[in-house]
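# Examination of the molecular architecture
Residues per chain, in single letters:
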Amino acid sequence: MKVTLKNLGKKYEGRENFTIRNIDLEIGDQEFCAILGPSGCGKSTLLRMIAGLNSITEGELYFDERLMNNIEPKDRDIAMVFQSYALYPHLTVYDNMAFSLNMKKESKDIIHKRVLEAAEILQITDYLYSRPSDISGGQRQRVALGRAMVRKPKVFLMDEPLSNLDAKLREHMRVQISRLHKNLGTTSIYVTHDQTEAMTMADKIILLDGGIIQQVGTPYEFYNKPRNVFVASFIGSPTMNFIEGNMKDGVFTSKSGLVTIHPVGEDIQILKPYEGKGIKVGIRGERFLRGQEQGSVFFATVDVIEMLGKEQLLYTKLDDGSEIVVSMPGHYDYEDDGRYEFGFDATALHFFDAETGERIN
């Protein structure tokens with residue numbers, strides 16, 4: 001089912017400003033869409049508007065061609081999984097999963113078939129007759145997913161379903177949910193504040209800030225073509241480095257004068273109108289090169305080293321005290337307080353207007 005949002009907005013009674021404003025979006029049939037953003041940006045509010053749990057102040061919501069603004073949640077053919085598992089503690093796993101079908105008075109044969117199908121996909125068949133208190137957090141979350149699955153909804157909504165799990169289990173459940181989406185062939189909308197979840201699971205990402213869409217695109221587009229400084233700084237770990245300065249005679253020079261960059265390729269022409277204007281250059285940590293590999297562009301002193309195995313993060317300081325985080329292969333030898341020269345991969349630079357924050361190249 002296709003989900004379309006046209007100029008959608010939400011304003012709570014007694015508040016001066018809109019929580020959500022001017023949301024224009026189309027989520028394709030069977031697409032996995034992640035709504036991403038920092039706490040308080042309005043992502044859960046938006047999901048609840050799609051679910052019918054929050055009213056719509058302005059704009060229109062369509063499922064395929066049907067206007068849904070005033071349709072009750074129970075009539076929207078959706079299923080929702082929350083951050084809290086919301087399982088009935090006195091019921092078995094089987095009965096929790098079958099609950100909604102029992103309420104719809106489905107036949108026992110259909111209920112049994114759907115519960116067993118979902119349990120097999122989610123690998124919880126062995127726990128069907130256990131109670132929620134007797135199984136782990138990850139298993140409880142799979143039960144919550146299974147309870148939604150058995151309804152065979154047209155739209156599957158998930159509101160930070162993994163946030164209560166530990167890191168290892170979250171990683172495992174990301175794979176499980178991705179497989180589940182492929183098996184169901186259902187339109188899935190997934191709210192998260194975790195960029196890793198969005199980048200690894202979604203076909204399409206919507207990044208919100210202050211109730212406004214900052215960018216819509218694929219994970220590749222978010223990482224390699226961020227629309228503005230906010231998007232560039234939100235996506236990626238460690239966060240993108242930014243160096244502020246000016247263009248003069250076709251060369252970027254940082255405010256401190258310690259870093260100079262010669263744009264290459266199409267960037268040379270694109271940056272000509274910015275001659276004498278403020279520019280922010282963004283570069284991801286893995287796009288730095290050792291000075292020996294591409295000439296010295298700047299010198300920096302290593303302040304802290306985080307060894308991660310195959311890579312190491314070098315938290316370096318320039319002579320003016322500004323910090324740049326550099327990612328290097330783990331087998332390279334660096335020392336605390338050592339002074340080293342670094343270069344750029346000039347084809348991987350992101351240029352932003354220093355005043356507006358919008359992307360230039």
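### Some words on the pairing of strand 16 (residues 298–307)
As defined by bridge partners, strand 16 adjoins strand 19 (residues 339–344) across 4 bridges and the pair is classed as antiparallel. Bridged to T301 within strand 19 is R339. Across 6 bridges, strand 16 lies against strand 17 (residues 311–317) in antiparallel orientation. Within the sheet, the bridge partner assigned to I305 lies in strand 17 and is L314. A loop of 3 residues connects strand 16 with strand 17, the two strands running antiparallel in sequence, and G309 in this loop sits at a positive phi of about 100 degrees.

### Focus on the sheet that holds strand 1 (residues 3–10)
The strands that make up a sheet are held in pairs by hydrogen bonds between backbone atoms, and each pair lies either parallel or antiparallel. Spatially, the 4 strands line up as an open sheet ordered 2-1-4-5, and their pairing is antiparallel. At either margin of the open sheet sits one strand with a lone partner, and together these are strand 2 (20–27) and strand 5 (66–67). For strand 1 and strand 2, the ladder comprises 5 bridges, and the chain directions are antiparallel. By the bridge assignment, K10 is partnered in strand 2 with I20. Relative to the sheet, helix 1 (residues 43–51) contacts strand 1, strand 2 and strand 4 (58–63), its axis offset from that of strand 1 by approximately 120 degrees.

### A closer look at the sheet that holds strand 10 (residues 212–217)
Strand order in the open sheet made by the 6 strands is 6-7-8-3-9-10, with mixed pairing throughout. Bordering the open sheet on either side are strand 6 (78–81) and strand 10, each of which pairs with just one other strand. Sheet twist, expressed as the mean angle between neighbouring strand axes with direction ignored, is 15 degrees. Inspection of the sheet shows strand 7 (residues 155–159) paired to strand 8 (residues 187–192) by 5 bridges, in the parallel sense. Counted as the bridge partner of V155 is T187 from strand 8. Contacts from helix 5 (residues 167–184) reach strand 3 (32–36), strand 7 and strand 8 within the one sheet, and its direction differs from that of strand 7 by about 165 degrees.

### Re the side chain of K10
Structurally, the position occupied by K10 is in strand 1. For the buried residue K10, which engages in no salt bridge, the nearest side chain bearing the opposite charge is E13, 8.8 Å off. Dropping the residues within four chain positions of it, K10 is found in contact with F18, T19, I20, T45, M49, S55 and T57.

### Some points on the packing of helix 3 (residues 108–122) against helix 4 (residues 137–149)
Contact geometry for helix 3 and helix 4: axes closest at 9 Å, N-to-C directions at 140 degrees. Our classification of the angle between helix 3 and helix 4 gives oblique. Two packed elements cross with a definite hand, and for helix 3 against helix 4 that hand is right-handed. When helix 3 is examined against helix 4, the residues A118, I121 and L122 are found in contact with a partner set consisting of R142, L145, G146 and M149. A class-by-class count of the residues in the contact of helix 3 with helix 4 yields 5 nonpolar, 1 polar and 1 charged.

### Overview of the state of the cysteines
As enumerated under the stated definition, the model contains 0 disulfides in all. The thiol sulfur of C33 is not disulfide-bonded, and the nearest other cysteine sulfur, from C41, lies at 13 Å. On the basis of relative accessible area, C33 is assigned to the buried category, the value being 0%.

### Looking at the pattern of salt bridges
Side-chain pairing between opposite charges can occur once the charged atoms of the two side chains come close. Summed over the entire model, instances satisfying the criterion amount to 9 salt bridges. Salt-bridge contacts for K204 lead to E31; the nearest nitrogen and oxygen are separated by 3.4 Å. Within this pair, whereas K204 is found in strand 9 (residues 204–209), its partner E31 is found in the loop between strand 2 and strand 3, the two being separated by 173 residues in sequence. Per residue, the accessibility class of K204 equals that of E31, and both read buried.

Conventions and cut-offs
- Residues numbered from 1 in each chain as written.
- Predicted model: local features only at pLDDT ≥ 70, side-chain atom pairs only at ≥ 80, totals over all residues.
- Heavy atoms only, no water.
- Pairing = 2+ DSSP bridges.
- Helix = DSSP H or I, 4+ residues; strand = E, 2+ residues; numbered from the N terminus.
- Contact = heavy atoms within 4.5 Å.
- Axes fitted to C-alpha atoms, helices over the stretch in contact; angles between N-to-C directions.
- Buried < 20%, exposed > 50% of the residue type's maximum accessible area, 1.4 Å probe, protein only.
- Lys, Arg positive; Asp, Glu negative; His and termini not counted.
- Salt bridge = Lys/Arg side-chain N within 4 Å of Asp/Glu carboxyl O.
- Parallel < 35°, antiparallel > 145°, perpendicular 65-115°, else oblique.
- Left-handed = near helix turned anticlockwise from the far one by under 90°.
- Nonpolar A, V, L, I, M, F, W, Y, C, P; charged D, E, K, R; others polar.
- Disulfide = S-S within 2.5 Å.

Everything listed here is a matter of geometry and, on its own, says nothing about what the molecule does.
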